[in-house]
Amino acid sequence: KPVMVSGYGTKNLWRHGEKWLVMSATLISSDEMADSLGLPFDYDTVVVPMTFPVENRQIIMAPVANVTFKELKEGTALDDLAFAIQTIILKHAEDRILIHTVSYDLTNRLSYQLRSGNYKVRGREIITYDSARDRKYALDRYKQTPASVLLAPSMERGVDLADDLCRVQVI
């Protein structure tokens, strides 16, 4: 659910400084961002060109399941996700893959399906973690293990997986 902060910007943020540098790698326009942040002043936009070649930053949109609590509990969402992830893992046999799972529950359920359930992926190390304190250990193990798969509920910030450390992400 989107969080709208425009009503709080002037009162709680913008009044505390004269100059601001607001940086984002978002897909929305600077006008839309300024509006959603409630910027009460004029601003300039600086666009920095992407340094990665287009062929190295493909985004493949393939929505496969409605990942709501109800669908995961009662519907086919878990099977649909596991099948899609199995397909991606098999297609990228030599690559490290990071799968963003958003919750420990989904991590555990997908891990079971990929390790021993209906969508087994033989020969691939599936790495998970059960708490924030185990995150670094899991990340280190993932980096040290060729062709590993990391199921992670909280690996979206502060992680640099350059070059062969991660070739595929599932979001």
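Parameters at a glance
- Residues numbered from 1 in each chain as written.
- Predicted model: local features only at pLDDT ≥ 70, side-chain atom pairs only at ≥ 80, totals over all residues.
- Heavy atoms only, no water.
- Helix = DSSP H or I, 4+ residues; strand = E, 2+ residues; numbered from the N terminus.
- Contact = heavy atoms within 4.5 Å.
- Axes fitted to C-alpha atoms, helices over the stretch in contact; angles between N-to-C directions.
- Parallel < 35°, antiparallel > 145°, perpendicular 65-115°, else oblique.
- Left-handed = near helix turned anticlockwise from the far one by under 90°.
- Pairing = 2+ DSSP bridges.
- Salt bridge = Lys/Arg side-chain N within 4 Å of Asp/Glu carboxyl O.
- Buried < 20%, exposed > 50% of the residue type's maximum accessible area, 1.4 Å probe, protein only.
- Patch = residues over 30% accessible without salt bridge, like charges linked within 9 Å, V, L, I, M, F, W, Y side chains within 5 Å.
- Areas by Shrake-Rupley, 256 points an atom, 1.4 Å probe, with all protein chains shown as cover.
- 1 Å grid on protein atoms, 1.4 Å probe; cavity = no way out; pocket = protein on both sides within 12 Å on 5 of 7 lines; lining within 4 Å.
- Points joined across faces, edges and corners; volume = space filled by probe spheres on them.
- Nonpolar A, V, L, I, M, F, W, Y, C, P; charged D, E, K, R; others polar.
- Core = buried A, V, L, I, M, F, W, Y, C linked by side-chain atoms within 4.5 Å.

Draft legend 1. Structural context of the environment of alanine 93. Looking at the secondary structure, you find alanine 93 in the loop between helix 4 (77-91) and strand 1 (97-100). Along the chain, alanine 93 and arginine 124 lie 31 residues apart, while their C-alpha atoms are 8.3 Å from each other. In contact with alanine 93, not counting residues within four places along its chain, are Arg124 and Ala147.

Draft legend 2. Main features of the packing of helix 4 against helix 5 (residues 104-115). Where helix 4 contacts helix 5, the two axes come as close as 10 Å, and the packing angle between them is 60°. Comparing their axes, helix 5 and helix 4 come out oblique. Our pair here, helix 4 against helix 5, has a crossing hand that is right-handed. Residues Leu78, Asp79, Leu81, Ala82, Ile85, Gln86 and Ile89 of helix 4 touch helix 5, and the partners they reach there are Leu106, Arg109, Leu110, Gln113 and Leu114.

Draft legend 3. Representation of the sheet that holds strand 4 (residues 168-170) in the model. Pairing within the open sheet is parallel, and its four strands lie in the order 2-3-1-4. Two strands lie at the open edges of the sheet, namely strand 2 (126-127) and strand 4, each paired on one side alone. Examined bridge by bridge, strand 1 and strand 3 (residues 149-152) share four bridges and lie parallel to one another. When the bridges of strand 3 are listed, isoleucine 97 appears paired with valine 149.

Draft legend 4. The pattern of salt bridges, seen in detail. All told, the structure shown has four salt bridges when counted by the stated rule. The partner of glutamate 125 in a salt bridge is arginine 141, with the nearest N and O atoms 2.2 Å apart. One end of the pair, glutamate 125, is in the loop between helix 5 and strand 2; the other, arginine 141, is in helix 6 (residues 135-144), with 16 residues separating them in the sequence. A salt bridge links aspartate 140 to lysine 136, with the nearest nitrogen and oxygen atoms 2.8 Å apart. One end of the pair, aspartate 140, and the other, lysine 136, are both in helix 6, four residues apart, so they sit about a helical turn from each other. Residue aspartate 140 is classed as partly exposed on the basis of its relative accessible area, which comes to 27%.

Draft legend 5. Local environment of a nonpolar patch on the surface. Together, Leu13, Trp20, Val22 and Phe41 make up a nonpolar patch on the protein surface, roughly 340 Å² of accessible area in all. Exposure remark for phenylalanine 41: the relative accessible area of 34% places this residue in the partly exposed category.

Draft legend 6. Just the layout of surface pockets, in detail. As a volume, the largest pocket reaches approximately 2,500 Å³. In this structure, the largest pocket is lined by 45 residues; those nearest its centre are Gln58, Ile59, Gln169, Val170 and Ile171. Listing elements by their share of the lining of the largest pocket, those giving two or more residues are helix 4, strand 1, helix 5 and strand 4. For the lining of the largest pocket, the leading source of residues is helix 4, giving five residues. Partitioned by chemical class, the residues of the lining of the largest pocket number 29 nonpolar, seven polar and nine charged. The calculated volume of the second largest pocket comes to roughly 900 Å³. Val22, Met23, Ser24, Thr45 and Val46 are the residues nearest the centre of the second largest pocket, which is lined by 28 residues in total.

Draft legend 7. A look at the nonpolar core. Ranked by size, the top nonpolar core spans 19 residues in total, and within it Ile89, Ile99, Leu110 and Leu114 carry the most contacts. Elements with a contribution of two residues or more to this core: helix 4, strand 1, helix 5, strand 3 and strand 4. At six residues, helix 4 tops the list of elements feeding residues into this core. Residues in contact with isoleucine 89, not counting those within four places in the same chain, are Ile97, Leu114, Val121, Arg124 and Val149. By size, the runner-up hydrophobic cluster in this structure holds eleven residues, among which are Leu98, Leu139, Leu150 and Cys166.

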